[in-house]
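A look at the structure
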Amino acid sequence: MKLHALHHLYQQRLSRSTRPFKARGANVDRCTHCMVVRRLCICEEKVTHRTHAAFLLVMYDDEVLKPSNTGRLIADSVEETYAFIWSRTEPNKEMLALVNDPKWQPYIVFPAQYAELERVRTKPVSEKGKRPLFILVDGTWQEAKKIFRKSPWMDNFPVLSIQAEALSRYGVREASGESQLATAEVAAKVLALNGDKLAAESLDAWFDVFREHYLTGKKQRQLPVPGALDTYREVVKRQINKH
């Protein structure tokens, strides 16, 4: 299986830990790539898409270690996904070079109420010759707000605001108010807005696969039949037939 940015970042973060990271369910035997209980591993099912846009995940320090993180689902689904650990005082130089590369049009994906009105966009519009680079802050809601407020390098980029039309389907973590969607749910909406509809549909279905398998393993149940994986396979099959 080809490893992506989140897999590499997970190993980097793990290598500098001075003590074992104890997330909830730390004693569960998980696949270290998809983070689902090993007997329910979904790694062989994922399909990765080439898209017009790319994603940059800016992650709070231990977020990448949490098995419930959905940022890895974006990297599963979108070929050009980058990921870095956030630092308030020493932003990663490779990350800064990426966002300042003239081939990209960066957008910070964040709720409109936290940004100046003139920065807010409801749809991505890139200059000719540039591709959208969607920057997602990934952590708990309190951590995400901290990253947004305390990252001066983000201040000059437009803010793309996604409206939650329904409650999150996540159910793996408790949402901290304000009808927050999971990171992967937001990314799927962003892809749809950008016209990458096949990737958006695939990521949305892949999110349901992860959610169902994760919760089934957590609650020591059996997968429903038919289930989210059947739906995902149908989505992938339809997309292949379109080509």
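Located above this text is the structure these notes cover.
Reading the values: the criteria
- Residues numbered from 1 in each chain as written.
- Predicted model: local features only at pLDDT ≥ 70, side-chain atom pairs only at ≥ 80, totals over all residues.
- Heavy atoms only, no water.
- Helix = DSSP H or I, 4+ residues; strand = E, 2+ residues; numbered from the N terminus.
- Rg over C-alpha atoms; globule rule 2.2 N^0.38 Å.
- Buried < 20%, exposed > 50% of the residue type's maximum accessible area, 1.4 Å probe, protein only.
- Areas by Shrake-Rupley, 256 points an atom, 1.4 Å probe, with all protein chains shown as cover.
- Lys, Arg positive; Asp, Glu negative; His and termini not counted.
- Charge placed at Lys NZ, Arg CZ, Asp CG, Glu CD.
- Core = buried A, V, L, I, M, F, W, Y, C linked by side-chain atoms within 4.5 Å.
- Contact = heavy atoms within 4.5 Å.
- Disulfide = S-S within 2.5 Å.
- Pairing = 2+ DSSP bridges.
- Right-handed = clockwise from strand over helix to strand, strands pointing away.
- Phe/Tyr/Trp six-rings, centres within 6.5 Å; stacked < 30°, edge-to-face > 60°.
- Axes fitted to C-alpha atoms, helices over the stretch in contact; angles between N-to-C directions.

Focus: the overall build of the protein chain
Helix and strand counts for the protein chain stand at 7 helices and 6 strands. Counted from the first residue to the last, the protein chain has its helices and strands arranged as α-β-α-β-α-β-β-β-α-β-α-α-α. For the protein chain, the C-alpha radius of gyration of 17 Å lies close to 18 Å, the compact-globule estimate for 243 residues. Once the C-alpha set of the protein chain is aligned to its principal axes, its extents read approximately 50 × 50 × 35 Å. In the protein chain, which comprises 243 residues, the share counted as buried stands at 50%. For the protein chain, the accessible surface area stands at approximately 13,100 Å², while carbon and sulfur atoms represent 49% of it. Between the mean site of the 38 positive side-chain charges and the mean site of the 29 negative ones, the protein chain shows a separation of 2 Å.

Some words on the nonpolar core
Of all hydrophobic cores here, the largest spans 50 residues; its most connected members are Phe55 and Ile74. In terms of residue count, helix 6 (residues 197–218) provides more of this core than any other element does, 9 residues in total. Those residues in contact with isoleucine 74, other than ones at most four positions away along the chain, are Phe55, Leu57, Thr81, Leu136, Thr183, Ala184, Ala187 and Leu203. Residues Val58, Trp86, Trp141 and Phe148 belong to the second largest nonpolar core, which totals 24 residues.

Overview of the state of the cysteines
All told, the structure shown has 0 disulfides when counted by the stated rule. No disulfide involves cysteine 43; its sulfur sits 3.6 Å from that of cysteine 31, the nearest cysteine.

Thoughts on helix 4 (residues 141–149)
Trp141, Glu143, Ala144, Lys145, Ile147 and Phe148 are the residues of helix 4 that are buried. Tucked inside the fold, the buried residues of helix 4 contact strand 1 (54–59), strand 3 (104–109), strand 5 (131–138) and strand 6 (159–160).

Quick word on the pairing of strand 1
Taking burial as the measure, the 6 residues of strand 1 include 6 buried ones, the bulk of the element. With burial as the criterion, each face of strand 1 is covered, one bearing Ala54, Leu56 and Val58 and the other bearing Phe55, Leu57 and Met59. Bridging between strand 1 and strand 5 involves 6 bridges; their strand directions are parallel. What sits directly across from alanine 54, in strand 5, is leucine 133. In the classification by handedness, the crossover that spans strand 1, the intervening helix 2 (residues 71–77) and the parallel strand 2 (residues 81–85) is right-handed.

Thoughts on the packing of aromatic side chains
Per the counting criterion, the structure on display carries 9 aromatic pairs. With 6.0 Å between their ring centres and 20° between their planes, tyrosine 60 and tryptophan 86 make a pair best called stacked. With tyrosine 60 in the loop between strand 1 and helix 2 and tryptophan 86 in the loop between strand 2 and helix 3 (93–99), the pair connects residues that are 26 residues apart, well separated along the chain. Through pairs of rings, three or more aromatic residues link up here, namely Phe110, Tyr114, Trp141 and Phe148.

A short note on the sheet that holds strand 5
Pairing is parallel in the open sheet, where 6 strands are placed in the order 2-1-5-3-6-4. Bordering the open sheet on either side are strand 2 and strand 4 (120–121), each of which pairs with just one other strand. Summarising the sheet, strand 1 and strand 2 pair through 5 bridges and their orientation is parallel. In the sheet register, leucine 57 faces strand 2, and the bridge partner there is alanine 83. Packing of helix 1 (residues 5–15) onto the sheet brings it into contact with strand 1 and strand 2, and relative to strand 2 it is tilted by some 20°. Against the sheet, helix 5 (residues 183–193) touches strand 1, strand 3, strand 5 and strand 6, its axis set at about 165° to strand 5.

Here we look at unusual backbone geometry
Proline 226 follows valine 225 through a cis peptide bond whose omega is -10°. A positive phi angle, close to 70°, is found at methionine 35, a residue other than glycine. In this structure, methionine 35 sits in the loop between helix 1 and strand 1. Although it is not a glycine, glutamine 220 sits at a positive phi angle of roughly 55°. Mapped onto the elements of the fold, glutamine 220 is located in the loop between helix 6 and helix 7 (228–242). The exposure class of glutamine 220 is exposed, given its relative accessible area of 71%.

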